Amino acid sequence: MAGRKHRVTVIGSGNWGTTVAKLVAENTREHSDLFEEEVQMWVYEENVVIPSDSPHYDPAVGDAPQKLTSVINKYHENVKYLPKITLPTNVVANPSLVDAVKDSSILIFNLPHEFIGNICKQIKGHILPFARGISCIKGVTVTDDKVELICEYIGETLGIYCGALSGANIANEIANELWCETTIAYNTPPCDRRSSNGADGPDVEKHRDSSGRVSKTKLTPVPDDYPPVDHEEIRKLFQRPYFSVSMVPDVVGVSLAGALKNIVALACGFTEGNGWNATAKTAVMRRGMVETIRFAQEFFPESIQLMTFWESAGWSDMIVSCTSARNWRYSKMAAERGVSLHEIERTELNGQKLQGISTTKEVMSFLRARGVESQYPLFKAVEGIIDGTFKVEDVPKLLSD
Ligand SMILES: NC(=O)c1ccc[n+]([C@@H]2O[C@H](COP(=O)([O-])OP(=O)(O)OC[C@H]3O[C@@H](n4cnc5c(N)ncnc54)[C@H](O)[C@@H]3O)[C@@H](O)[C@H]2O)c1
Ligand SMILES: O=P(O)(O)OC[C@H](O)CO
């Protein structure tokens, strides 16, 4: 019998992390029978200076740096990563990772993928054993010559079940409550299924990495005095009138589509910045999708479901990422200005990250180690352009070799 409620923590507070904290906090208020209203949001603490033209400028403080967490909690706005959006007052910014996850039964991971290893190291042993996770991270972890999905890496490292959320989602648009869709891959572990006869299934979760290695995580069931964590509850946590959720079983397709489209978005930006137009760009998108599906089928053949590419996490994300997202916008700018992408990230992004840069490097090092990089000419071209070994003008030739 449910007596407890789920406590929710969002780990990460960038552009997307803060947006997801906002929509989730709206839902914990609306479904206060299932969730504690307060949503903890872990913030990578830093100092910010509030400019004098900001409504939050305090002459008594002036240009003195202030802690980002204090500013968020005082003004209910993430002035650095999601400015001009008012957050619900039940979002509480917390600079202590261990304190933010304490007693939370639902953990939402939402930060650039390069930081997830360090985050998991810090919270391991400090979370509830029956916590359940959702990763909103678009990327992969590449270690020991293998590629692992972020949600599976989280699940395996922390000993919990973790699903994946990904879609054609531009944070600022969703923060402004402009309608869009997303895809959530979540397979309720058998031990959490509260069937009518009360029989639980096995409490072991299997993870398969790109090398075919299967690891097993022993799961602790969500106790009966909490509401169940199934599709219905996950949907209630994320769905908003402006954010439609589609639940699917394919964590591989959702995760890989979200990670690899960032490489293709860079290619589209480079192409457009070089003066080519929509016809070139759609060729790049099509080839990028071919390489994405090839990658998924080659390294995760047992689990990939091609229908997933027709979900928001698939073609929709490819299209939006190659027409209006940051990886596209700033690679276009780099090509137009004739400067490196690293330089643009440093000077123009104000702390935000272009996930395509590290994903390209990681994926290419993995493909090279397997000796199959020539089967991925678009990914290889993007790596060469980032490194300065190829020119954007070489793209048609690189794709025809
Ligand atoms: N922004 C979007 O529109 C959007 C939409 C969908 C998915 N995503 C994905 O969401 C994930 C998170 O991206 P985002 O847009 O919220 O981030 P962001 O690029 O806006 O911000 C970077 C974040 O990294 C944090 N950070 C910096 N150094 C750190 C460290 N050493 N350890 C931990 N954190 C550190 C910063 O404080 C900041 O919160 C990414 O995988 C991204 O691809 C983003
Ligand atoms: O702004 P980007 O390039 O990180 O992409 C944002 C989202 O992933 C688009 O769906």
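Residues numbered from 1 in each chain as written. Chains lettered and ligands numbered in written order. Predicted model: local features only at pLDDT ≥ 70, side-chain atom pairs only at ≥ 80, totals over all residues. Heavy atoms only, no water.

**Structural notes on the UniProt feature "binding site: NAD(+)" (unreviewed entry) in the protein chain**
Reasoning step 1: UniProt annotation of "binding site: NAD(+)" (unreviewed entry) refers to Gly 12, Ser 13, Gly 14, Asn 15, Trp 16, Gly 17, Phe 115, Ala 171, Arg 326, Lys 353 and Gln 355 when read in the numbering used here.
Reasoning step 2: Relative to the elements of secondary structure, Ser 13 occurs in the loop between β1 (6-11) and α1 (15-30).
Reasoning step 3: Excluding its chain neighbours within four sequence positions, the residues that come into contact with Ser 13 are Thr 18, Met 41, Trp 42, Val 43, Tyr 44, Asn 78, Tyr 81 and Asn 110. (UniProt positions renumbered as here; feature names shortened; annotations may be inferred. Helix = DSSP H or I, 4+ residues; strand = E, 2+ residues; numbered from the N terminus. Contact = heavy atoms within 4.5 Å.)

**A word on the pattern of salt bridges**
Side chains carrying opposite charge are able to pair once their charged atoms draw close together.
Reasoning step 1: In this structure the tally under the stated criterion is 23 salt bridges.
Reasoning step 2: Between Asp 192 and Arg 132 there is a salt bridge, with its nearest N and O atoms 2.7 Å apart. Of this pair, Asp 192 sits in the loop between β11 (180-185) and β12 (204-208) while Arg 132 sits in strand β7 (residues 132-135), and the two are 60 residues apart along the sequence.
Reasoning step 3: Arg 132 gets classed as buried once you look at its relative accessible area, which sits at 1%.
Reasoning step 4: Residue Arg 213 pairs with Asp 209 through a salt bridge whose shortest N-O separation is 3.0 Å.
Reasoning step 5: Among the charged side chains, a salt-bridge network with shared partners connects Lys 22, Glu 26, Glu 30, Glu 177 and Arg 240. (Salt bridge = Lys/Arg side-chain N within 4 Å of Asp/Glu carboxyl O. Buried < 20%, exposed > 50% of the residue type's maximum accessible area, 1.4 Å probe, protein only.)

**With respect to the site of ligand 1**
Reasoning step 1: The immediate surroundings of ligand 1 are formed by 24 residues, with Asn 15, Trp 16, Ala 171, Lys 353 and Gln 355 found nearest.
Reasoning step 2: Asn 15 is positioned such that a nitrogen or oxygen atom in its backbone is 2.9 Å from an oxygen atom of ligand 1.
Reasoning step 3: For ligand 1, a nitrogen atom lies 3.1 Å from a polar atom in the side chain of Arg 326.
Reasoning step 4: Coverage of ligand 1 by the protein amounts to 90% of the 850 Å² it exposes when considered alone.
Reasoning step 5: The leading source of residues in the shell around ligand 1 is α1, at three residues.
Reasoning step 6: When the residues that make up the shell around ligand 1 are grouped by side-chain class, the tally is eleven nonpolar, nine polar and four charged. (Near = heavy atom within 4 Å. Polar contact = N/O pair within 3.5 Å; in protein donor to acceptor, adjacent residues only side chain to side chain. Areas by Shrake-Rupley, 256 points an atom, 1.4 Å probe, with all protein chains shown as cover. Nonpolar A, V, L, I, M, F, W, Y, C, P; charged D, E, K, R; others polar.)

**Some points on the packing of aromatic side chains**
Reasoning step 1: Under the defined criterion, the tally for this structure stands at nine aromatic pairs.
Reasoning step 2: An angle of 70° between the planes, with centres 6.3 Å apart, marks the rings of Trp 42 and Tyr 44 as edge-to-face.
Reasoning step 3: Judged by its relative accessible area of 9%, Trp 42 falls in the buried class.
Reasoning step 4: Its relative accessible area of 62% is what places Tyr 44 among the exposed residues.
Reasoning step 5: Among the aromatic residues, those joined into a ring-pair cluster are Phe 295, Phe 299, Phe 366, Tyr 376 and Phe 379.
Reasoning step 6: For Arg 294, the ring lying beneath its charged end belongs to Tyr 376, and the centroid distance is 6.0 Å. (Phe/Tyr/Trp six-rings, centres within 6.5 Å; stacked < 30°, edge-to-face > 60°. Lys NZ or Arg CZ within 6 Å of the ring centre and 35° of its normal.)

**With respect to the UniProt feature "domain: Glycerol-3-phosphate dehydrogenase NAD-dependent C-terminal" (unreviewed entry) in the protein chain**
Reasoning step 1: With numbering aligned to this structure, UniProt lists the feature "domain: Glycerol-3-phosphate dehydrogenase NAD-dependent C-terminal" (unreviewed entry) at residues 250-395.
Reasoning step 2: Annotated as residues 250-395, this span is 70% helix and 0% strand, and its ends, taken at the C-alpha atoms, are 32 Å apart.

**Some remarks on the sheet that holds strand β10 (residues 161-166)**
Reasoning step 1: Across the sheet, eight strands lie side by side as β5-β2-β1-β6-β7-β10-β11-β14; this open sheet has mixed pairing. Two strands lie at the open edges of the sheet, namely β5 (91-94) and β14 (243-248), each paired on one side alone. Strand after strand, the sheet turns through a mean of 25° between neighbouring axes, direction not considered.
Reasoning step 2: Two strands pair when backbone bridges link them, and β7 and β10 are joined in this way by four bridges, in the parallel orientation. (Pairing = 2+ DSSP bridges. Axes fitted to C-alpha atoms, helices over the stretch in contact; angles between N-to-C directions.)

**Some points on the environment of Lys 146**
Reasoning step 1: One can find Lys 146 in strand β9 (residues 146-149).
Reasoning step 2: With 224 residues separating them along the chain, Lys 146 and Arg 370 place their C-alpha atoms 9.6 Å apart.
Reasoning step 3: With residues near it in sequence (within four places) discarded, Lys 146 still touches Thr 141, Asp 209, Ser 210, Arg 213 and Phe 366.

**Considerations on the pairing of β7**
Reasoning step 1: Taking every second residue as pointing to the same face, both faces of β7 are buried, with Arg 132 and Ile 134 on one and Gly 133 and Ser 135 on the other.
Reasoning step 2: Strand direction decides the pairing type here: strand β6 (residues 106-109) and β7, joined by four bridges, are parallel. Within β7, the position partnered with Leu 107 by the bridge is Gly 133.
Reasoning step 3: Handedness of the β-α-β unit built from β6, helix α4 (residues 116-123) and β7 comes out right-handed. (Right-handed = clockwise from strand over helix to strand, strands pointing away.)

**Notes on the nonpolar core**
Reasoning step 1: Counting 125 residues, the largest nonpolar core has Ile 108, Phe 109, Ile 116, Phe 238, Phe 295 and Leu 367 as the members making the most contacts within it.
Reasoning step 2: For this core, the element with the highest residue contribution is helix α8 (residues 251-273), accounting for 14 residues.
Reasoning step 3: In contact with Phe 238, other than residues within four places in its own chain, are Val 20, Leu 23, Val 24, Asn 27, Ile 108, Ile 134, Leu 165, Ile 184, Phe 243 and Val 245. (Core = buried A, V, L, I, M, F, W, Y, C linked by side-chain atoms within 4.5 Å.)

**Topic: α8**
Reasoning step 1: An ideal rise of 1.5 Å per residue puts 33 Å on 23 residues; α8 measures up with 33 Å between its terminal C-alpha atoms.
Reasoning step 2: Where α8 bends most, at Lys 261, the angle is about 25°.
Reasoning step 3: Burial within α8 is extensive, with 22 of its 23 residues counted as buried.
Reasoning step 4: In this structure Asp 250 caps α8, since a side-chain oxygen of it lies 3.2 Å from the backbone nitrogen of Val 252.
Reasoning step 5: Just beyond α8, the residue with positive phi is Gly 275, at close to 100°. (Expected span 1.5 Å × (residues − 1). Bend = angle between axes of the 7 residues up to and from the residue.)

**Here's the deal with the packing of α4 against helix α5 (residues 150-158)**
Reasoning step 1: Where α4 meets α5, the closest approach of the two axes is 10 Å, and the angle between their N-to-C directions is 25°. Judged by the inter-axis angle, α4 sits roughly parallel to α5. Between α4 and α5 the crossing geometry is right-handed. Mapping the contact onto sequence places Ile 116, Gly 117, Cys 120 and Ile 123 in α4 and Ile 150, Tyr 153, Ile 154, Thr 157 and Leu 158 in α5.
Reasoning step 2: In terms of residue class, the contact of α4 with α5 is made up of seven nonpolar, two polar and no charged. (Parallel < 35°, antiparallel > 145°, perpendicular 65-115°, else oblique. Left-handed = near helix turned anticlockwise from the far one by under 90°.)

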